[in-house]
Amino acid sequence: MDLQEVRNKAREKMKGCHVCPLCNGKACVGMIPGFGGLRTGRSFMRNVEALQEYGLVMRSMSGVDDPDTAVTLMGKRLSMPVLLAPVGGIVLNAQVDGDPAEVEQEYDEAVTQAALDVGTLCFTGDSGAPYMYSSGIASCKKRPGIVIPTIKPRSNDQIIEKAHQAEEAGAFAVASDIDAATLINMRIFGQPVGPKSARDIAEVVQAIKLPFIVKGVMSAEEAVSCAEAGAQGIVVSNHGGRVLDGMAGTADVLPDIAAAVKGRITIFVDGGIRHGEDILKMLALGADAVSIGSAALIAMGCHQCGDCASGRCNWGIATQRADLVARLNPEAAAEREEHRAARRAAREAELAAHADERAAAEAERARTRAEKQAYADKQAKKRAILKALREQQ
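Report follows, based on the coordinates. (Residues numbered from 1 in each chain as written. Predicted model: local features only at pLDDT ≥ 70, side-chain atom pairs only at ≥ 80, totals over all residues. Heavy atoms only, no water.)

1. Quick look at the overall build of the protein chain
A tally of helices and strands in the protein chain yields 15 helices and ten strands. Across the protein chain, contacts joining residues at least 24 apart in sequence account for 69% of those joining residues at least 6 apart. Looking at the protein chain as shown, the accessible area adds up to about 19,900 Å², and 54% of this sits on carbon and sulfur atoms. (Helix = DSSP H or I, 4+ residues; strand = E, 2+ residues; numbered from the N terminus. Contact = heavy atoms within 4.5 Å. Areas by Shrake-Rupley, 256 points an atom, 1.4 Å probe, with all protein chains shown as cover.)

Given below as structure tokens:
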């Protein structure tokens, strides 16, 4: 399955995401519930724009031909500095069919298993309905040491209570997305949430055993406050542009935050990360790791073959351009696929020809070895005859 097929299936299944060729927030302005940006969508769009304004400087003389992407974060060795971001309220936001609790559990099962399979970590979400948090806890129990349940900024007592549930389930850490204090979805469910202070964070940290991660930090000052309050990690995030309009992008503020707390606290970042190049940019700007949500969401929209969780899906191999061509010009897409098929056939024929050449060369080498051995045997026989004749004389 390639990217085009994944996207087509996701479009068929989801109504809360348009699955655009370039996920930049322009087609989903104000779609909340949904996965769009709040009001004008500028906070969502700025995440993407901020990353696009940075360019990579390629180094061609490193001498490294087998790079190692493994990292150690908060004492755990991961295969790569990429985590899965918390996404909750799947039926509400993705607007897919099905029982809300069952769909939520299906999603959490898929992403947590995927994280386990590839050797990384997965945040799970929380929202107004109880199943939205308990679903992540259920997946956490099956995969201890992999999941980071994320709790909305409820009262401190509620956060601590849910953190204890995460502890009992075997979570790696627990997080709270404090920027959700103004999230519309929580108002829909009538759930009280509100802003947090450094004192609140310190109270939670002291009351739980798990590492505590504060999600939704967008300034160096608040990053320092989190570190001083005892948090072990922060997620530089504007909640995907879904809680406040007109915000800076995460790549805009990351360098200042890294300058203030790098080495004192683990720095995660999300927002606008669509490609491997974006991951490199965020790491260069000071992040220790990134978390991605849109990619997992689209894979969930496809989620029919079961390959997402098993790691067999070729989604990441295909190109965005192929999908765009397919949508705008089906004939060109068909011609492109025909050309690619012809190239594959030519390559296979070339490989077969090389195999035949190697077989012929090996046969020739075998014949030469046989001739040399026959000559050696003949010479040995002559020497044996001459030796016998000398002995008779």
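2. Comments concerning the packing of helix α6 (residues 156–169) against helix α8 (residues 198–207)
Relative orientation and spacing of two packed helices are given, respectively, by the angle between their axes and the distance between those axes. Across the interface, α6 lies against α8 with an axial gap of 10 Å and an inter-helix angle of 30°. In terms of axis orientation, α6 runs roughly parallel to α8. Relative to α8, α6 is oriented so that their crossing is right-handed. Here α6 contributes Asn156, Ile159, Ile160 and His164 to the contact with α8, which in turn contributes Asp200, Glu203, Val204 and Ala207. (Axes fitted to C-alpha atoms, helices over the stretch in contact; angles between N-to-C directions. Parallel < 35°, antiparallel > 145°, perpendicular 65-115°, else oblique. Left-handed = near helix turned anticlockwise from the far one by under 90°.)

3. Some details on the pattern of salt bridges
Counted by the stated rule, this structure contains 16 salt bridges. A salt bridge links Asp177 to Lys152; its shortest N-O distance comes to 2.8 Å. Within this pair, whereas Asp177 is found in strand β6 (residues 174–177), its partner Lys152 is found in the loop between β5 (147–151) and α6, the two being separated by 25 residues in sequence. On the accessibility criterion, Asp177 (3% relative accessible area) is buried. Two residues, Glu362 and Arg369, come together in a salt bridge whose shortest N-O distance is 3.2 Å. (Salt bridge = Lys/Arg side-chain N within 4 Å of Asp/Glu carboxyl O. Buried < 20%, exposed > 50% of the residue type's maximum accessible area, 1.4 Å probe, protein only.)

4. Some details on the side chain of Arg46
Take Arg46: it is sitting in helix α2 (residues 42–52). Owing to a relative accessible area of 17%, Arg46 belongs among the buried residues under this scheme. Arg46 has contacts with Glu53, Met247, Ala248, Gly249 and Asp252, leaving out every residue within four places of it along the chain.

5. Overview of a nonpolar patch on the surface
The grouping of Ile385, Leu386 and Leu389 at the surface amounts to a nonpolar patch, some 270 Å² of accessible area in total. For Leu386, the location among the structural elements is in helix α15 (residues 330–392). Leu386 gets classed as partly exposed once you look at its relative accessible area, which sits at 48%. (Patch = residues over 30% accessible without salt bridge, like charges linked within 9 Å, V, L, I, M, F, W, Y side chains within 5 Å.)

6. Description of the nonpolar core
Grouped together as the largest cluster of nonpolar side chains are 71 residues, with contacts concentrated most on Val214, Ile234 and Val236. Tallying contributions element by element places helix α10 (residues 250–261) first for this core, with six residues. If we skip the residues at most four places from it in the chain, Val214 touches Ser176, Ile178, Ile201, Cys226, Ala231, Gly233, Ile234 and Val235. Counting 13 residues, the second-largest nonpolar core is a separate cluster that includes Leu73, Phe123, Ile148 and Ala289. (Core = buried A, V, L, I, M, F, W, Y, C linked by side-chain atoms within 4.5 Å.)

7. As for helix α9 (residues 220–229)
When we look at burial in α9, the residues that qualify are Ala220, Ala223, Cys226, Ala227 and Ala229. Among the structural elements, α8, β7 (212–217), β8 (233–236) and α10 are those in contact with the buried residues of α9.

8. Structural notes on unusual backbone geometry
At Val19, a residue that is not glycine, the phi angle is positive and equals roughly 55°. Backbone geometry places Met74, a non-glycine residue, at a positive phi of 50°. Along the polypeptide, Met74 turns up in the loop between β1 (71–73) and β2 (76–78).

9. Description of the packing of aromatic side chains
Two aromatic rings are characterised by how far apart their centres lie and by the angle between their planes. Counted under the stated rule, the structure contains one aromatic pair. Both rings, one in Phe123 and one in Phe268, keep their centres 6.1 Å apart while their planes meet at 90°; by these two values the pair is edge-to-face. Highlighted residues: Phe123 in strand β4 (residues 122–124) and Phe268 in strand β9 (residues 266–269), separated in sequence by 145 residues. Relative accessible area serves as the criterion here: at 1%, Phe268 is assigned to the buried category. (Phe/Tyr/Trp six-rings, centres within 6.5 Å; stacked < 30°, edge-to-face > 60°.)

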